Amino acid sequence: MASAGGPEARDAAARAADPVPHAYWSHSAPDLLACLRTSEQGLDTDQAVERLARFGPNAVVERRDTAAVLLLVRQFASPLVLILVFGAGVSFLVRDWMDGGIILAIVLGSSLLGFAQEYRASAAVAALRQRLALRVRVRRDAAVQQLGAQALVPGDVIELAAGNLVPADGLILQARDFLVTEASLTGESMPVEKQPGVVGADATLAQRTNCAFMGTSVRSGTATVLVVRTGRATAFGDVAARLRQQPDETEFTRGVRQFGYLLVQVMLVMVFFVLVVNQLLGRPPIESLLFAVALAVGISPELLPAIVSVTLARGARVMAASGVIVRRLDAIENLGSMDVLCTDKTGTLTTGVMALDGAVDVEGAPSARVMRLAYLNAAFETGIENPLDAALVAAGTRAGLDQAGCSKIDEIPYDFMRKRLSIVLAESGDAGAHRIIMKGAFAQVLECCSTLAGPQGPIALNMKRRAALASFFQDRGEQGYRVLALASRHRPAQLAQAAYGRDDETDMVFEGFLLFSDPPKAQAAQAVRDLQAHGVAVKVITGDNRFVAAHVAGTIGLDAASMLTGQAIAAMRDESLWHLAERTTLFAEVDPQQKERIVRALQHTGHAVGYLGDGINDAPALHAADVGISIDQAVDVARESADVVLLRPDLDVLRRGVEDGRRTFANTLKYISITTSANFGNMVSMALATPLLPFLPLAAKQILLNNFLSDLPAITISTDNVDADRIARPQRWDVAVLRRYMLVFGLISTLFDLLAFLVLLRVFHASESTFQTAWFTVSLLTELAVLLVLRTRVAALRSRPSRLLLWSSGAVAALALALPFVPALAVPFGFVVLPLPVLGAVLAIVGGYVLLTEWAKKRFWARH
C-alpha cells in the first residue's frame, strides 16, 4: 500500500484538484490559460513552487536510486538472506541462542555492508545523471529561464525548437513550421505538423494536431506551448504506467542473469544431496538443515549486487573525470566490448567550427549577390539551429549586411529527405512580389532548377552546364570544402501566395555555391590509430557529399576508397549490406534511416557497435547501437537517446572512456569468476566430505563467517589495477568460459581441500574442533590467495594489485590466523588453537595450492 505522502497519493490529490478539462485539446487557448490561472508570459515563482508541491515533479518514474530505506529493505529482501533468517529462526526455536545470534549478526553485517556500498554508488551515479538533466526554456517571472524539465508544472509556458524533446503534454499557443516526431506514442515515423487551434473532443492522440506530447521530439521549426499535464498524468506517463516497460537488457545484465541461473542449479543439487546424506547418516535434523542452508549461501556471491554497483559506479566516476558521463551503468560493459565505432565527421574528426570561405557565382567568382541571398536565408531561418547558418550570419554581419527592407512570409523547413531549406521573403522595393531563396545539398538544389544565373539574366540549364556545375562541386569537395548550393526564384505579385510548400520549389534559378571549411582536428589521425590499436575499427557515417567525406577520411588515415553512398545503400538488399558494411570504412550521403540500417548490418555480423552522433538525424542509429554515444552540446533528442555522453567532442576522450570501460568490466568479472570458483570448490569439498566424516566439516556459523570475511577484500576489487592486455582489446561476456573457469579452478580448490582432509584425519588424527578450525583456516587462506593469483592472467608476481586490495587481503589473512587465539571470538565459533605441526601443514597446503593454480591459470588462458 502506498504511504499517505507517496507519489500515488499525490497523483490522486492532484487529479482531484485539476481544473483542466479532460479533453483539453477541444478548448481554446484563452479558456485553458484562464483554467490554469496563467498567461502567455507564464507563472511567477511562488505559483510554480505551490504547484510543484501539489502535482509533484515532472517525471514518469520518480528516481529512488538513493532512497536509503528502500535500498536497506532490498538488502534484506534477497532470497539468500531470507534463507539465513529462516535458519536463525530454526536455531531460536530449538533454543540454540548462540548459533541463532551468530547467524543473525553475520546477516546484519553482510546486509549493512552491501547497503553502505550500494548507497554510496547510487548517490554518486545520481549526481552524474544530474549533470545531464534535460533543461527547458520556460517563461517564469515574465522572463525566459533555463530550468530542469522536472521543475515544470501545469500552467508553465515553454519555448521549443528543432532538436528539443517535448518535456510535458501541452497546447500549442504559437507555432512556426513546427514538425514533431511522435513515433514513441503513435508509431508514426513521419513528422507531424502542429499548429494552434481547436480539435474535436473525440480526436485520437494522433489527430490532436494542436498539442505536443511528452516523449516526442521536435524535428523542425519553433513553438510556444502551454504545459497542461506533467509526469504520470501525461499520455506518455499513462502508457509507461500500463506497460511498466524496462530498458532493453544489455549483454552484461543478461550474462549476470544466466550465470545466476547456473549457480541456482548447482546450489539446489548440492543442498539436496547434503540434506539426504545427513539424514541417511542419522545426524541431528536441525544441525543438518542449518548446514544445508549455510552451504546454499556459501556457493552464492551474495555481495554480487553491491560489488557490481560499486565497481560500475567507481568506473562511472573515473570516466566522468576523463570527460565521459555514463547515463546507464550497464553501458560501461558495452563500451568496453565495442569493436566498431561509427561516427559522423563533423565535430569529432573535424574541428566542428564552420567558417564561410567563399560565396561564389556559377563561374566560381566571389559574388556579393550570392552572399546577400545566403545571408537572408540563414538570418530568417527558424528551424534547426546549425553551425552553417551561424557561419553565414557571422560572415554577413562582418560584410555589413542586415535584414532591413525584407520581411519573412513563410519557410519550407529543412528535412533529411529533401536536404534543402527555402525561405520566402517580401522586399520593400518590390511591392506584392515574393522571393524564394533556397540553399541545401548540391544535387537536391540542382534538381529544382531549370536555369542558372548569368550576367544578362537566367540561362537555360542544359546537360553541359549541369556537368560544369557538378565538376566545380566535385573539385571543391575534393579540396576539403563543404559545398552548399544556392538558388532563388522571383514570384511576381499576381503569383504571390500567403503560404508556400514543397511543390513551390520548382523552376528555381541556380545562383552559385557556398564554400565552408571545417578542417580535420590535428589529433584526429592519432586518435583513430589509438582506437584501432585497441581493437576498435572506426567507420565514418555522414550525410555530407562523397567528395568532402573522402577528403577528410583520407586526411586522418582511413581508406577513402572503401566507400558506400546512400544511393547505393538504398538499392541494396539487407543481405548485401551485411556483407559490405563490415568491409566499408566510409558511408557518405546517407539519411537517418540508412544510418540505422548500417548499424544493424554490423550487429548482424557479430560486432558490438558504438555510434557517436549529436544531431536529430542520429537518434535512430543511437537507439539501435549497442552503445549510443553523444556529446554534451548535442540536441536534446540525441543526448537523451545516448547511453554515454562526452563532455568534449573528441575521439581521444572516447578512447579513454573505452579504456575505463574495459578496466571496470575486467574488475567486475574478476569478482564474479574468482569468488564463484572458490565458493564452488569449497562447497563441493563439503558435499563430498559430508558422507565420509563422522562430523560436519564446518558448522553453519563457520561457513557464514568464512563467506563474510572472504568478501571483505573482494569489495576493494573495484580499485584493482588491470593488465594492459585486458585493456588493449574488446571484452565480451562469455558464460561458457565462466562455467569452465568455475569448474577448473573450483575443482583444484576441492583437490587441495581433500588433501587437507586426508592430512588432518590420517596424519594428525584431528578432533572435530581441530579439524574445523584447520579447514576454516585453509579455506579462507586459499580464497584470499587465489584472489591475488587469479586477478591477473599473467604470473602473479609480474602484476601488482592495488594497495587497497593487497592490504585488505593481508589483514583478513592475519585475522584468520589470529582468530583461534582470541577467546571472545574463538569460543562462540568453536575454534581452538592449532598445534604448530598442524599449522605448518595448513600453510604448506596453501602454498601448494597457489603453485598449482598459477600453473593451471597459464594453461587455461593459453587455451581460451
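Criteria and thresholds
- Residues numbered from 1 in each chain as written.
- Predicted model: local features only at pLDDT ≥ 70, side-chain atom pairs only at ≥ 80, totals over all residues.
- Heavy atoms only, no water.
- Helix = DSSP H or I, 4+ residues; strand = E, 2+ residues; numbered from the N terminus.
- Expected span 1.5 Å × (residues − 1).
- Buried < 20%, exposed > 50% of the residue type's maximum accessible area, 1.4 Å probe, protein only.
- Arc of directions from axis to C-beta.
- Contact = heavy atoms within 4.5 Å.
- Phe/Tyr/Trp six-rings, centres within 6.5 Å; stacked < 30°, edge-to-face > 60°.
- Lys NZ or Arg CZ within 6 Å of the ring centre and 35° of its normal.
- Pairing = 2+ DSSP bridges.
- Axes fitted to C-alpha atoms, helices over the stretch in contact; angles between N-to-C directions.
- Parallel < 35°, antiparallel > 145°, perpendicular 65-115°, else oblique.
- Left-handed = near helix turned anticlockwise from the far one by under 90°.
- Disulfide = S-S within 2.5 Å.
- pLDDT = per-residue confidence, 0-100.
- Core = buried A, V, L, I, M, F, W, Y, C linked by side-chain atoms within 4.5 Å.
- Nonpolar A, V, L, I, M, F, W, Y, C, P; charged D, E, K, R; others polar.
- Right-handed = clockwise from strand over helix to strand, strands pointing away.
- Salt bridge = Lys/Arg side-chain N within 4 Å of Asp/Glu carboxyl O.
- Patch = residues over 30% accessible without salt bridge, like charges linked within 9 Å, V, L, I, M, F, W, Y side chains within 5 Å.
- Areas by Shrake-Rupley, 256 points an atom, 1.4 Å probe, with all protein chains shown as cover.

Participant: Any chance you could explain helix H16 (residues 463-478) here in plain terms?
Facilitator: What sets the pattern is the α-helix's 3.6 residues per turn: residues three or four places apart point alike. Between its first and last C-alpha atoms H16 spans 22 Å; for 16 residues at 1.5 Å apiece the expected length is 22 Å, and the two agree. Restricting attention to buried positions, one finds in H16 the residues Leu469, Phe472, Phe473 and Gly477. Axial view of H16: buried residues confined to an arc of 130°, hence all on one face. Opposite the packed face of H16, turned more than 90 degrees from it, sit the exposed residues Met463 and Lys464. Among the structural elements, strand E10 (355-361), helix H15 (442-446), strand E14 (449-452), strand E16 (482-491), strand E17 (508-517) and helix H18 (546-555) are those in contact with the buried residues of H16. Among the residues trailing H16, Gly480 stands out with phi positive, at a value near 100°.

Participant: I keep staring at the packing of aromatic side chains and nothing clicks. Help me out?
Facilitator: In the structure shown here, the tally under the stated rule is 17 aromatic pairs. The lysine or arginine in question, Arg208, covers the ring of Trp25, its NZ or CZ lying 3.5 Å from the ring centre. Taking NZ or CZ as reference, Arg793 lies 3.6 Å from the ring centre of Trp861, over its face.

Participant: What's the story with the sheet that holds strand E19 (residues 563-565) in this structure? I'm lost.
Facilitator: Hydrogen bonds between backbone groups are what pair the strands of a sheet, and the pairing can be parallel or antiparallel. Judged by pairing direction, the sheet is mixed, and its eight strands sit side by side in the order E8-E23-E22-E21-E9-E18-E20-E19 without closing on themselves. The two strands at the open ends of the sheet, each matched to only one other strand, are strand E8 (324-326) and E19. Strand after strand, the sheet turns through a mean of 20° between neighbouring axes, direction not considered. In terms of strand pairing, E19 meets strand E20 (residues 586-588) through three bridges, oriented parallel. What sits directly across from Thr565, in E20, is Ala588. Each of E19 and E20 is contacted by H18, which is oriented at about 155° to E20, the strand it contacts most.

Participant: Explain the packing of helix H24 (residues 651-689) against helix H27 (residues 735-763) to me, please; I cannot follow it from the model alone.
Facilitator: Two numbers describe a pair of packed helices, the interaxial angle and the distance between the axes. H27 packs onto H24 with a crossing angle of 40° between their chain directions and a minimal axis gap of 7 Å. In terms of their interaxial angle, H24 and H27 are classed as oblique. Crossing handedness for the pair H24 and H27: right-handed.

Participant: I keep staring at unusual backbone geometry and nothing clicks. Help me out?
Facilitator: A negative phi holds for most residues other than glycine; trans holds for most peptide bonds. The phi dihedral of Lys419 falls on the positive side, at around 55°, and the residue is not glycine. You can call Lys419 buried: its relative accessible area is 13%. The backbone phi angle of Asp507 is positive, close to 50°, even though this residue is not glycine.

Participant: Looking at this structure, I do not really get the state of the cysteines. What am I missing?
Facilitator: Covalent bonding between the sulfur atoms of two cysteines defines a disulfide. Applying the stated criterion to the full structure yields zero disulfides. We note that Cys448 lacks a disulfide partner, and the nearest cysteine sulfur, in Cys449, lies 6.5 Å from it.

Participant: Help me understand the confidence of the model for the protein, please; the structure alone is not making it clear to me.
Facilitator: Interpreting fine coordinate detail is not advised for predicted regions of low pLDDT. Scored by pLDDT, the protein comes out at a mean of 83, with 83% of its residues at no less than 70. Within the model, pLDDT remains below 50 along residues 1-5, and this stretch shows three contacts once partners closer than five positions in the same chain are excluded. This stretch, residues 242-246, has a pLDDT under 50; its non-local contacts, to residues over four places away or in other chains, come to one contact.

Participant: In this structure, what is going on with the nonpolar core? I would like to understand it.
Facilitator: For soluble globular proteins, nonpolar side chains are generally found buried alongside one another. In this structure, Leu709, Phe771, Trp775 and Phe776 are the most contacted members of the largest nonpolar core, which totals 65 residues. Among the elements of the structure, H24, helix H25 (700-715), H27, helix H28 (768-790), helix H29 (803-818), helix H30 (823-829) and helix H31 (836-863) are those that each provide at least two residues to this core. A per-element tally of this core places H28 first, with twelve residues. Not counting residues up to four positions away in its chain, the partners in contact with Trp775 are Asn682, Ser685, Met686, Pro697, Leu698, Asp753, Ala756, Phe757 and Leu760. In terms of nonpolar packing, the next biggest core, distinct from the first, is built from 61 residues, Val326, Leu558, Leu577 and Ala588 among them.

Participant: How should H25 be read in this particular structure?
Facilitator: Taking 1.5 Å of rise per residue, 16 residues should cover 22 Å, and H25 covers 23 Å from first to last C-alpha, within 8% of that figure. Burial analysis of H25 places 15 of its 16 residues in the buried class, the great majority of the element.

Participant: Can you help me understand the packing of H27 against H31 in this one?
Facilitator: Relative orientation of the contacting elements H27 and H31 amounts to 155°, with a least axis distance of 10 Å. Here H31 runs roughly antiparallel to H27, going by the angle between their axes. Two packed elements cross with a definite hand, and for H27 against H31 that hand is right-handed. Of the residues in the contact of H27 with H31, the class split is 19 nonpolar, three polar and two charged.

Participant: Hey, could you run me through the pairing of strand E21 (residues 609-612) in this one?
Facilitator: The side chains of a regular strand alternate between both faces of the sheet. Along E21, one buried face is formed by Val609 and Tyr611 and the opposite face, lined by Gly610 and Leu612, is buried too. As for the winding sense of the linkage, the β-α-β connection from E21 through helix H22 (residues 619-624) to strand E22 (residues 627-631) is right-handed.

Participant: Would you mind going over the pattern of salt bridges with me for this structure?
Facilitator: Two side chains bearing opposite charge may form a pair once their charged atoms approach each other closely. Under the defined criterion, the tally for this structure stands at 29 salt bridges. Lys194 is the partner of Glu182 in a salt bridge, and the nearest nitrogen-oxygen pair spans 2.6 Å. With a gap of twelve residues between them, Glu182 in the loop between strand E4 (169-181) and helix H7 (183-186) and Lys194 in the loop between strand E5 (192-193) and strand E6 (211-212) connect regions that are remote in the sequence. Take Glu182 and Lys194: they sit in the same class, and that class is buried. Between Arg546 and Glu589 there is a salt bridge; the shortest N-O distance is 3.0 Å. Of this pair, Arg546 sits in helix H18 while Glu589 sits in the loop between E20 and helix H21 (592-604), and the two are 43 residues apart along the sequence. The class for Arg546 is partly exposed, based on a relative accessible area of 28%. Each of Arg418, Arg420, Glu447 and Glu505 takes part in salt bridges that share partners, so that together they form one network.

Participant: Help me out: how do you make sense of a nonpolar patch on the surface in this one?
Facilitator: A contiguous nonpolar surface patch, about 410 Å² in accessible area, is contributed by Leu815, Phe821, Val822, Leu825 and Val833. Looking at the element boundaries, Phe821 is found in the loop between H29 and H30. By relative accessible area, which is 53% here, Phe821 ends up exposed.

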